[in-house]
2 protein chains.
Amino acid sequence: MINKTRSLSLLKKAGLKVTSPRLSVLNVLASSKKGHLSAEDIYKELLESASDIGLATIYRVLSHFQKVKLVSSLNFSSGRTVYEMEKGEHHDHLVCLQCGIVEEFMDSEIEQRQLNVAKKYQFTLTDHSLTLYGICKKCAKEHTRINSKISNS
Amino acid sequence: MINKTRSLSLLKKAGLKVTSPRLSVLNVLASSKKGHLSAEDIYKELLESASDIGLATIYRVLSHFQKVKLVSSLNFSSGRTVYEMEKGEHHDHLVCLQCGIVEEFMDSEIEQRQLNVAKKYQFTLTDHSLTLYGICKKCAKEHTRINSKISNS
DNA sequence: CTTAATGCAAACCGTTTGCATAGAT
DNA sequence: ATCTATGCAAACGGTTTGCATTAAG
């Protein structure tokens, strides 16, 4: 809801027709605290805002957005595809297997090494995906608390 | 077909009942030239060998194999899960987007860097997946040939 | 006015599950 | 004899598509 005008200008800049489903989806992606959302996440969020939008439309809007590089998609081990605003700078991801939170990171040494690997195997690199899975600090703390509860009982 | 006895001993070593579907699947995985196969790939290959096996069984066998660490599974961008024999040593993958060939590589500097990233973000790392996508040498050559054909016509 | 975008329901595709039967130990 | 593995078909979950309708330019 925050940036209706911003979304509008993003759409125009991308040369897309401005429709209310597109504005809505863009808004959710741009303003949701968790920056990585599945189509269904977006759908649910929009149902609450009384926006009358079909799930199929969300998929169509998202794939359209990908074509014009407004958003990009990621496949974590969950199976469902998640979408994030395209911020221009490349990054990789850390995913907490417990709470699902997603952090972004960039390590230029890793990037460089990947180029070397590709060169060595004579691949023309077009893309790569690196995801680290684990337990975030917060969940680890939770876990410790639970464990100590159990061992005390 | 090559290693029926080897497959048999692998199953026994893993403490699994020896059944013909299990032998068949293990054999295909162990002897196929392309070491990374989807459930359907295995299914098709076995249909040709006149083995009467159901696709559901293949999925069940594969997930059983994963539990006992005989095979591991990978999700590339294609959407379908592929399976490979577990060879013990960790490695990452290079995938050709044209012909689908999969190469394996290991770069200990990248591995080390990942640990550092996890530490920095205070994640307890449990797993990671790194896949490089591109065009392999062979396909690049093909491509050049086709391009020059087009520009000559 | 023309052409693209939407909603809905049905189709899809890879994978999983229920159930009755076959088979390994 | 027991208990697990199998085959089949039906169910599933995420995503895509066909078609009649609505709306943007």
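Calculation rules
Residues numbered from 1 in each chain as written. Chains lettered and ligands numbered in written order. Predicted model: local features only at pLDDT ≥ 70, side-chain atom pairs only at ≥ 80, totals over all residues. Heavy atoms only, no water. Helix = DSSP H or I, 4+ residues; strand = E, 2+ residues; numbered from the N terminus. Rg over C-alpha atoms; globule rule 2.2 N^0.38 Å. Buried < 20%, exposed > 50% of the residue type's maximum accessible area, 1.4 Å probe, protein only. Contact = heavy atoms within 4.5 Å. Arc of directions from axis to C-beta. Pairing = 2+ DSSP bridges. Axes fitted to C-alpha atoms, helices over the stretch in contact; angles between N-to-C directions.

A. Main features of the overall build of chain A. Counting secondary structure elements, chain A contains 6 helices and 6 strands. Its C-alpha atoms give chain A a radius of gyration of 19 Å, clearly above 15 Å, the size a compact globule of 153 residues would have. C-alpha atoms of chain A, sized along the principal axes, occupy 55 × 55 × 25 Å. Looking at the 153 residues of chain A, the share that counts as buried comes to 37%. Restricting the contact set of chain A to residue pairs at least 6 apart, pairs at least 24 apart contribute 45%.

B. Up close: helix α3 (residues 39-48) of chain A. Residues and elements named next belong to chain A. Within the sequence span of α3, burial applies to A39, I42 and L46. Along the axis of α3, the buried residues cluster in a sector spanning 65°; they form a single face. Contacts made by the buried residues of α3 are with α2 (20-31), β1 (37-38), α4 (55-67) and β3 (81-85).

C. Fine view of the sheet that holds strand β4 (residues 92-96) of chain B. Read from one edge of the open sheet, 6 strands run β5(A)-β4(A)-β6(A)-β6(B)-β4(B)-β5(B), paired in mixed fashion. Where the open sheet ends on each side, the last strands, each with one partner, are β5 (102-105) of chain A together with β5 (102-105) of chain B. Going from strand to strand, the sheet's axes swing by 25° on average, the running direction of each strand aside. Bridge count between strand β4 (residues 92-96) of chain A and strand β6 (residues 124-135) of chain A: 4 bridges; the pairing is parallel. By the bridge assignment, A:H93 is partnered in β6(A) with A:T131. Each of β4 and β6 of chain A together with β4, β5 and β6 (124-135) of chain B is contacted by helix α5 (residues 108-120) of chain A, which is oriented at about 130° to β6(A), the strand it contacts most. Running at roughly 130° to β6(B), helix α5 (residues 108-120) of chain B makes contact with β4, β5 and β6 of chain A together with β4 and β6 of chain B of the sheet.

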